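Report on the structure
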Amino acid sequence: MRSQEETLIRSGPDSDSDQAEAKTTLKQAEAKPSDPKPSDPKTVDPRSQTVQSLVRALNIMSILGEADGPMSLTELARAAELSPSTAHRLLTTLQQERYVRFDSGTRSWYVGVQAFIAGSGFLKTRNIVDLARPRMRQLMDQASETVNLAIIENHEVVYLAQVECHQMMRALAPPGSRLPLHCSAAGKALLARMAPHYVKSLMEQRGMQRFTAATLTTLDALEADLEVIRTRAYAIDNEEHAIGLRCVAATIYDERAQAIGALSVSGPKARVTDERVAALGALVRQAAAMVTNELGGTAPG
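Throughout what follows, the structure given in this document is the object of discussion. (Residues numbered from 1 in each chain as written. Predicted model: local features only at pLDDT ≥ 70, side-chain atom pairs only at ≥ 80, totals over all residues. Heavy atoms only, no water.)

Remarks on helix α9 (residues 196-206)
- Residues of α9 that are buried include every one of Val199, Leu202 and Met203, and no others. One side of α9 carries all its buried residues, which in axial view fall inside an arc of 95°. Opposite its buried face, α9 presents the exposed residues His197, Glu204 and Gln205, each directed more than 90 degrees away.
- Packed against the buried residues of α9 are α8 (185-191) and α10 (219-232). (Buried < 20%, exposed > 50% of the residue type's maximum accessible area, 1.4 Å probe, protein only. Helix = DSSP H or I, 4+ residues; strand = E, 2+ residues; numbered from the N terminus. Arc of directions from axis to C-beta. Contact = heavy atoms within 4.5 Å.)

Right, here's the structure in full:
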């Protein structure tokens, strides 16, 4: 056990205080292990060891990626439901491959550059961001409001890219931000192209949380709005997620006429007035159609 402890200290924190923390967490893990022993056939399938380690490491990456800032070993171990020694072993492996990095000054772990490279690879293969960005800039110039590109992931709207306007007051949704489908313009634009029975099932599973007095919280109200969206070909978030914020969105389609994303224009209600909504809707609908065409897609007949 002495050699294991020395390895733990050398591969991570190198200050005296870091060594003390590492020793303490290791002793806690020995006193109350949270991981099954590999030698116990009743709790561990030997054939799944490599996969289990991979799943645990990916879970740690997800936790770090979704955190508001760096995390300590103790915080990561608790969030991942792992013993500190197991979490540390996985972190040091990820550190060697540059998927995470360790700051010895703050004794905190950060997402590493290789994780960014891997994530960027997804966006490149998807190609929607590269193709949409010039149209997003053009749309921002035309509308003088912030433009977003969003997709559906895990039954939520996820923003992939944003082009900010030059106004002092502007709507911000950094890449990676998530919103519920039922109260965002991009989400409703995408829901409008789903089968009604699937929308119903989705809302029953996810719920329709109220964020403002304008949030649609019943399936009947949502279905009525989706029917209007299908007719005019753009969706409106009329302060349904945040008071004072309006958004207009239109759908992007693939070669099978399936909705794969949405462009949206967002701004304060003071600028996105009732009189401007129709004009903004026409602009965002045109921009989404251009991106669809450049992707080789086609709108539903």
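Here we look at the pattern of salt bridges
- Within the structure shown, the criterion is met by twelve salt bridges.
- Close ionic contact of Arg135 with Glu294 constitutes a salt bridge, the shortest N to O distance being 2.5 Å. Note that Arg135 is positioned in helix α7 (residues 128-143) and Glu294 in helix α11 (residues 274-294), a separation of 159 residues in sequence.
- What makes Arg135 partly exposed here is its relative accessible area of 23%.
- Here Glu294 falls in the partly exposed class, since its relative accessible area comes to 33%.
- We note a salt bridge from Arg206 to Glu156, for which the minimum N-O separation is 3.9 Å. Here Arg206, found in helix α9, pairs with Glu156, found in strand β4 (residues 156-163); they are 50 residues apart in sequence, far enough to count as distant.
- On the accessibility criterion, Arg206 (42% relative accessible area) is partly exposed. (Salt bridge = Lys/Arg side-chain N within 4 Å of Asp/Glu carboxyl O.)

Focus on the packing of α9 against α10
- Interhelical geometry of α9 versus α10 gives an angle of 140° and a closest axis separation of 11 Å. Classed by the angle they form, the pair α9 and α10 counts as oblique. Read as a crossing pair, α9 and α10 show a hand that is right-handed. Only Leu219, Leu222 and Leu226 of α10 make contact with α9, whose side of the interface consists of Val199, Lys200 and Met203.
- The class makeup of the residues in the contact of α9 with α10 is five nonpolar, no polar and one charged. (Axes fitted to C-alpha atoms, helices over the stretch in contact; angles between N-to-C directions. Parallel < 35°, antiparallel > 145°, perpendicular 65-115°, else oblique. Left-handed = near helix turned anticlockwise from the far one by under 90°. Nonpolar A, V, L, I, M, F, W, Y, C, P; charged D, E, K, R; others polar.)

Some remarks on the sheet that holds strand β8 (residues 259-268)
- Spatial ordering of the open sheet is given by β5-β4-β3-β8-β7-β6, a layout of six strands whose pairing is antiparallel. Among the strands making up the open sheet, the edge pair consists of β5 (178-179) and β6 (235-238).
- As defined by bridge partners, strand β3 (residues 146-153) adjoins β8 across five bridges and the pair is classed as antiparallel. Within the sheet, the bridge partner assigned to Asn148 lies in β8 and is Ser264.
- Contacting β6, β7 (245-253) and β8, α11 runs over the sheet at an angle of about 25° to β7. (Pairing = 2+ DSSP bridges.)

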